[in-house]
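Breakdown of the fold
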Amino acid sequence: MCPHHRESWRGYRNMDFDPVSGNRWPGYPDSPFIPVGRDLARVREERRCEWDEKASAQMRLIEDICLSGRSPQCDRPSPAGDGASL
């Protein structure tokens, strides 16, 4: 991947769910942690899984966009450019 997309990909890879706030994706600070039921551990685990799934989906999307070669944000040289390897 190009440096621009690799940095975006790393940003999603490094996102962490905060078990204290319990915010829903993507972690809006005003998203209250209001669990349904009394099992807070289960709700936290469900939200952690939600974060992992959505971050993985975003990482795959970034990979697909960069590797398609059609992204205007992509700063990777074109294959027909100077002959440098990708």
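Presented here is a report on the structure given in the accompanying data block.

Cut-offs applied
- Residues numbered from 1 in each chain as written.
- Predicted model: local features only at pLDDT ≥ 70, side-chain atom pairs only at ≥ 80, totals over all residues.
- Heavy atoms only, no water.
- Axes fitted to C-alpha atoms, helices over the stretch in contact; angles between N-to-C directions.
- Helix = DSSP H or I, 4+ residues; strand = E, 2+ residues; numbered from the N terminus.
- Parallel < 35°, antiparallel > 145°, perpendicular 65-115°, else oblique.
- Contact = heavy atoms within 4.5 Å.
- Nonpolar A, V, L, I, M, F, W, Y, C, P; charged D, E, K, R; others polar.
- Phe/Tyr/Trp six-rings, centres within 6.5 Å; stacked < 30°, edge-to-face > 60°.
- Buried < 20%, exposed > 50% of the residue type's maximum accessible area, 1.4 Å probe, protein only.
- Disulfide = S-S within 2.5 Å.
- Salt bridge = Lys/Arg side-chain N within 4 Å of Asp/Glu carboxyl O.

1. Some details on the packing of helix α1 (residues 3–13) against helix α2 (residues 40–68)
- Packing of α1 against α2 brings their axes to within 9 Å, and their N-to-C directions diverge by 170°. Of the possible angle classes, the one that applies to α1 and α2 is roughly antiparallel. Here His 5, Ser 8, Trp 9, Tyr 12 and Arg 13 of α1 come into contact with α2, specifically with Ala 55, Gln 58, Met 59, Ile 62, Glu 63, Ile 65 and Cys 66.
- Residues that form the contact of α1 with α2 fall into these classes: 7 nonpolar, 3 polar and 2 charged.

2. Observations concerning the packing of aromatic side chains
- A complete count under the given rule lists 1 aromatic pair for this structure.
- Ring geometry for Phe 17 and Trp 51: centres 6.2 Å apart, planes at 65°, overall edge-to-face. You can see Phe 17 sitting in the loop between α1 and α2 and its partner Trp 51 sitting in helix α2, a full 34 residues away along the chain.
- Among the residues examined, Phe 17 registers a relative accessible area of 14% and is labelled buried.
- Overall, the relative accessible area of 7% leaves Trp 51 in the buried class.

3. Details of the state of the cysteines
- For the structure on display, the rule yields 0 disulfides.
- For Cys 2, which is in no disulfide, the shortest distance to another cysteine sulfur is to Cys 74 and amounts to 3.6 Å.
- Between Cys 66, a free cysteine, and Cys 74, which holds the nearest cysteine sulfur, the sulfur-to-sulfur gap is 3.7 Å.

4. Re the pattern of salt bridges
- Enumeration over the complete set of coordinates arrives at 3 salt bridges.
- Note that Arg 48 and Glu 45 form a salt bridge whose closest N and O atoms lie 2.5 Å from each other. Of the two residues, Arg 48 and Glu 45 both sit in helix α2, 3 residues apart, roughly one turn of that helix.
- Taking the relative accessible area as the measure of exposure, Glu 45 reaches 38% and is therefore partly exposed.
- One salt bridge connects Arg 48 with Asp 52, and the closest N-O pair in it is separated by 2.5 Å. Residue Arg 48 and its partner Asp 52 are both found in helix α2; the two are separated by 4 residues, about one turn of the helix.
- Of the residues examined, Arg 48 reaches a relative accessible area of 31% and is grouped as partly exposed.
- One salt-bridge network, in which partners are shared between bridges, spans Glu 45, Arg 48 and Asp 52.

5. A short note on the environment of Val 43
- Tracing the backbone shows Val 43 in helix α2.
- Here Val 43 falls in the buried class, since its relative accessible area comes to 7%.
- A sequence separation of 24 residues divides Val 43 from Pro 19, and the C-alpha atoms of the two residues are 9.8 Å apart.

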